[in-house]
Structures are given as C-alpha cells and as structure tokens.
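One letter stands for each residue in the lines below.
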Amino acid sequence: MSEIDSLKAQLESLQSDALAAFSSAADLAGLQQLRVNYLGKKGALTEVLKGVGKLPPAERPVIGQFVNQTKQSLSTALDEAEAGLAVKAKIARIEAERVDVTLAGRSVSKGALHPVQQGLDEMTAIFSQMGFAVAEGPEIENEFHNFDALNIPPEHPARAMHDTFFVEEMSDEPMLLRTHTSPVQIRAMKQFLAESGEPPLAVVAPGRVYRCDYDVTHSPMFHQVEVFKVDRDVSMAHLKGVLKHFLSTYFEKDVSIRLRPHYFPFTEPSAEVDIGCVFCAGKGCRICKNSGWIEVLGSGMIHPNVLKSVGIDSEEFSGFAFGLGVERLVMLKRGIPDLRMFFENDVRFLRRMGS
Ligand SMILES: [Zn+2]
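Every chain's residues receive numbers from 1 upward, in the order its sequence appears when written. Selection of residues for local features in this predicted model requires a pLDDT of at least 70, selection of side-chain atom pairs for listing and counting requires 80 or more, and totals for whole chains, interfaces and linings are taken over all residues. Side-chain figures throughout are based on the complete set of non-hydrogen atoms in the structure, without hydrogens or water.

**With respect to the overall build of the protein chain**
Secondary structure counts use DSSP, requiring at least four H or I residues in a row for a helix and at least two E residues in a row for a strand, with both numbered from the N terminus. Looking only at helices and strands, the protein chain features 13 helices and ten strands. For the protein chain, the C-alpha atoms occupy an extent of roughly 130 × 50 × 35 Å along the three principal directions. Three exposure classes are used, based on accessible area relative to the maximum for each residue type with a 1.4 Å probe and protein chains only: buried under 20%, partly exposed in between, and exposed over 50%. Within the protein chain, buried positions represent 41% of all 355 residues. Any two residues having at least one pair of non-hydrogen atoms within 4.5 Å are treated as being in contact. In the protein chain, the share of contacts with a sequence separation of at least 24, taken over all contacts with a separation of at least 6, comes to 67%. Every accessible area reported is derived by Shrake-Rupley at a probe size of 1.4 Å, with residue values counting cover from the shown protein chains alone. Split by element, the accessible area of the protein chain, about 19,800 Å² in all, is 54% carbon and sulfur. Lys and Arg are tallied as positive, Asp and Glu as negative. Neither His nor the chain termini are counted. Where a charge lies is defined by one atom per residue type: Lys uses NZ, Arg uses CZ, Asp uses CG and Glu uses CD. Put simply, the protein chain has 38 plus and 46 minus side-chain charges, and the middle of one group is 8 Å from the middle of the other.

Put into structure tokens, the structure is as follows:
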C-alpha cells in the first residue's frame, strides 16, 4: 500500500471511530472530551497529519484536502451531536420540573387578630359611627394628666387605689404608666381647644393601661376605651342613650341598662352601669351571681374641676364621660371565663377566638 493510501485508510478509520463515539456520547461533557481527543492540538487527527510530511511534495495537497474534509465532517458531526444532547437535556429538565396540578394544595395556616384587639376595633367602630373622633395618648404619663387635671390632687385617696407603676428617672417630674385612659380626655380637650376654640367635641380613646394588680379578674396591663362628649346642655340622658346604643350594638341584642349612684373623682354625679345579664336574660345565673345584672363600666357627668383644668367654662358647657374595660366586655360577649387566658397566648385559644 502506498504511503498516501495508508494515510487515507487511517483517516477513514479515524472518522468512522469518531462518528461512532460521538453518537454514543452520554452528555455534553463527554462530547467536549471527544472534541479534544479527535480535533485538539494533541488529538488523533494531528497525529495522522504528522505522516503527511513523509509524502512527496506533489501528493501533499491531495491528502491535505482529504484531511480538511475529515476535519469538517467531524466538526459538523460534533455540532449536531451537541445540539441533540442539548435538546435531550432540556426535555429531561422539563420532565423533572413537571408540576402535577391535580395534587391537593398544602393548607396555609391563617393568623388572626387577638380577641382583645378585635374587641377594641369593634368598640371603637361603634363610637366612630356615632360621630366620636378617635384619639390616642401616651402610655407614659405625668401626674398632671393622669391625676391632677382629673380632679385627683396629691392627697386624694383615689391615688392610692390606682396601684400606680412609677417610671423612675425619666425626667425631672415623676412619670408613671397611665392607670386609665382618662388622661386622653385632658390631652384631647386641650388639643381641640387649641385648634377649634370651643366645644362641641366628642372623642373615643382606646388604649392600654397599667395597674400593679394580678389575679383572676385583674392583669397588670389591660385595655380601656374612654368616651366623652362636651357641649352645651349635655345631660345624663345623653349619657344613658349613648350607653344603651353602644351596649346593644356591641352585644348584638337589646340589652337593658341600669345606672347606680357611685363615686369617681372626675365625674359628678357618677354612676356605675349594669347591663341585664346577657347569659340568663335577667333570670339569674352563676355569671351574674343570681342578681340578673352585670356591672360593666363607670360613668358620669364630667366634673366642673376637670373642665376648668383645661380652660372650658363649666357654667356654659357640660359633658359626660365613661371608661370601659375592654377585656371584661370581650369576656362577657364571648364567654371567656378567665381574664388570664388573654395573655397566656395559648394558640388553641387564639385560633378559636380568631375571626
Ligand atoms: Zn345571669
């Protein structure tokens, strides 16, 4: 066999080996390795080319052309094999990522507002619908707003009854955690007078309050909603009408109410408000201690001294005010037996109370 025929035979066998290897390559990395093995600088084709130097110069172009053809066809075969593998890889990926739309979905657990927050929102909304403006005040108060301006001077025994938490070294004057939402009355009246000059004003002030007390019916932190209205000729009749409407709306039934004379420093006259028992409709049960009545809040006509403390003429204007315990009303409405359940944050309880 002549030298040139031997080279041609080598090239043909190399080409058929290469094509077989390309078509059986398992992946793109394997194919890349084959490209190096056959067409690389130190590849099989280069090895064959080394033989070309031994040929007579006249035959070299002939074999050169043959080598180029082989190189071209191997390169084309590699590109085709590569494209084929890329398509296969894509199909495999799509298969792997297939979503079975017939599978049942995973349930996402929903959060809910805390029952106390639900109660605050409900109560505030009822007063908003009656035209009361919503106001808020700071939880850290000074003695003026929490006591003095509400007709509770330093020597007044009511101060001792409030079991106040004092906050030390906040400023030059003694500061405390507000013991009721009534200081918002003072702040709202002062702000309103500064902006509008004179009454009427009607405000609802929901918020947190603090007292150093803890048992089945007391928590050191609890919530109140303070409601008051100041205008000319405001009377106890207005107070009773607003209370009746509020309590009937909140309990979603026509509740009867009863005002009992009482004493609060910041109202005169003052009354404690009872509602006809929402559990036994007045027949008598364990909750109402067989009296048919449940005490729900304290109320009264704003004391003239309180109006004076913010500069409202108590001869010309009068007002009513009341403060209600949010936890107590929520317990009554939703049948919760122990105040502490609100603050234990047992998820089962919170879920049941969620809405
Ligand atoms: Zn009852």
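**Some points on the domain arrangement of the protein chain**
As assigned here, the protein chain comprises domain 1 (3–96) and domain 2 (115–353). Put simply, the middle of domain 1 and the middle of domain 2, counted by C-alpha atoms, are 92 Å apart. An automatic or database domain assignment is the source of the domain bounds shown.

**A closer look at the pattern of salt bridges**
Put simply, a salt bridge is a Lys or Arg side-chain nitrogen that is within 4 Å of an Asp or Glu carboxyl oxygen. All told, the structure shown has 19 salt bridges when counted by the stated rule. Taking the shortest distance from any N to any O, the salt bridge between K50 and E47 comes out at 3.0 Å. Overall, the relative accessible area of 58% leaves K50 in the exposed class.

**Comments concerning helix 8 (residues 183–196)**
Spanning 14 residues, helix 8 covers 20 Å between terminal C-alpha atoms, matching the ideal 20 Å at 1.5 Å per step. Within helix 8, burial applies to P183, V184, Q185, I186, A188, M189 and L193. In the segment just after helix 8, G197 is the residue with positive phi, at about 95 degrees. Here the expected length of a helix is defined as 1.5 Å per residue gap, with one fewer gap than residues.

**Let's talk about the sheet that holds strand 3 (residues 166–167)**
The strand order across the open sheet built from three strands is 2-4-3, with neighbouring strands paired in antiparallel fashion. Edge positions in the sheet fall to strand 2 (140–142) and strand 3, since each of these pairs with one other strand and no more. In this structure, strand 3 lies alongside strand 4 (residues 175–177), joined through two bridges in antiparallel fashion. Among the inter-strand pairings, V167 is bridged to a residue of strand 4, identified as M175. When DSSP finds at least two bridges between two strands, those strands are taken to pair.

**With respect to the coordination of the zinc ion**
Within the protein, the atoms that donate to the zinc ion are C277 (SG), C280 (SG), C285 (SG) and C288 (SG), at distances of 2.2 to 2.3 Å. Because water is not among the atoms used, a metal site may look incomplete, as its donors are only the N, O and S atoms within 2.8 Å, or 3.2 Å for Na, K and Ca. Tetrahedral means four donors with every angle between 85 and 135 degrees, whereas square planar (four donors) and octahedral (six donors) require angles over 155 degrees between opposite donors and between 65 and 115 for all others; sites fitting neither are termed irregular. Angles of 104 to 116 degrees at the metal separate the four donor atoms of the zinc ion, which places the site in the tetrahedral class. When the donor residues of the zinc ion are listed from N- to C-terminus, their spacing reads C-x2-C-x4-C-x2-C. C277 sits in the buried class, given a relative accessible area of 2%.

**Considering the side chain of E327**
By the secondary structure assignment, E327 is in helix 11 (residues 326–334). No salt bridge forms around the buried E327; measuring N to O, its nearest opposite-charge neighbour R208 is 8.1 Å away. The contact partners of E327, leaving out residues within four places of it in the chain, are V116, F222, H223, L339, F342 and F343.

**Regarding the pairing of strand 5 (residues 201–210)**
Among the ten residues in strand 5, nine count as buried, and that is most of the element. Where strand 1 (residues 133–134) meets strand 5, two bridges bridge the pair, whose relative direction is parallel. Directly across from A133, in strand 5, lies its bridge partner V203. Sheet analysis places strand 5 next to strand 6 (residues 221–231), joined by ten bridges and oriented antiparallel. Bridge pairing in strand 6 links Y210 to M221.

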